[in-house]
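# Working through the structure, step by step
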Amino acid sequence: MENPELNALRDQINAVDEKLVQLLEQRFAIVKEVGVVKQAAKLPIRDEKREQAVLNRLKAKVDDEALQPAIQAIFQTIMDEAKKLE
């Protein structure tokens, strides 16, 4: 059974997902550049202080505290995948 309200909400989610993919592609392109700079400078790929600072900064930007663990987990995964590209 068709539900126009549900379909409209799903369309909104799909639009957000498409934007997220574009932003992730942009982020990962920059990550690759970071990897080149780190390799040239003989710096380690992993920077735990930087990772924690990023997570803390993003956590502080989340208005709904109930979403903070999910946002933190998502960004931890993004950073884990980014390290593979560096």
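Before any of the text, the structure's been laid out above.
What counts and how
Residues numbered from 1 in each chain as written. Predicted model: local features only at pLDDT ≥ 70, side-chain atom pairs only at ≥ 80, totals over all residues. Heavy atoms only, no water. Helix = DSSP H or I, 4+ residues; strand = E, 2+ residues; numbered from the N terminus. Buried < 20%, exposed > 50% of the residue type's maximum accessible area, 1.4 Å probe, protein only. Contact = heavy atoms within 4.5 Å. Salt bridge = Lys/Arg side-chain N within 4 Å of Asp/Glu carboxyl O. Expected span 1.5 Å × (residues − 1). Polar contact = N/O pair within 3.5 Å; in protein donor to acceptor, adjacent residues only side chain to side chain. 1 Å grid on protein atoms, 1.4 Å probe; cavity = no way out; pocket = protein on both sides within 12 Å on 5 of 7 lines; lining within 4 Å. Points joined across faces, edges and corners; volume = space filled by probe spheres on them.

Our next topic: the side chain of E51. Turning to its location among the elements, E51 is positioned in helix α2 (residues 48–61). Since its relative accessible area comes to 8%, E51 is described here as buried. With residues up to four places along the chain from it excluded, the contact list for E51 reads R46, Q76, M79 and K83.

A side chain with one charge can pair with a side chain of the opposite charge if their charged atoms come near. Considering all chains together, one arrives at five salt bridges under this definition. Between E86 and K38 there is a salt bridge; the shortest N-O distance is 3.0 Å. Taken as a pair, E86 in the segment after α3 (68–85) and K38 in helix α1 (residues 4–40) lie far apart in primary sequence, 48 residues in all. Of the charged contacts in the structure, one is a salt bridge between E51 and K83, with a shortest N-O distance of 3.1 Å. One end of the pair, E51, is in helix α2; the other, K83, is in helix α3, with 32 residues separating them in the sequence. One salt-bridge network, held together by shared partners, links R46, E51, D80 and K83.

Counted at 1.5 Å a residue, the expected span for α1 with its 37 residues is 54 Å, and the 54 Å between its end C-alpha atoms agrees. For α1, the complete set of buried residues consists of F28, V31, G35 and K38. On its buried face, α1 sits against α3. Regarding α1, its N-cap is N3, as a side-chain oxygen of that residue lies 3.1 Å from the backbone nitrogen of E5 further along. Positioned one or two residues after α1, K42 has a phi angle of 55 degrees, which is positive.

What follows concerns the layout of surface pockets. Approximately 340 Å³ is the volume found for the largest pocket. Lining the largest pocket are 15 residues, with R27, V31, V34, R50 and E86 positioned closest to its centre. Put simply, the parts of the chain that give the lining of the largest pocket at least two residues each are α1, α2 and α3. No other element matches α1, which puts five residues into the lining of the largest pocket. The volume enclosed by the second largest pocket comes to roughly 200 Å³. In terms of lining, the second largest pocket is formed by L20, L23, L24, R27, I74, F75 and I78. Those elements that provide at least two residues to the lining of the second largest pocket are α1 and α3.

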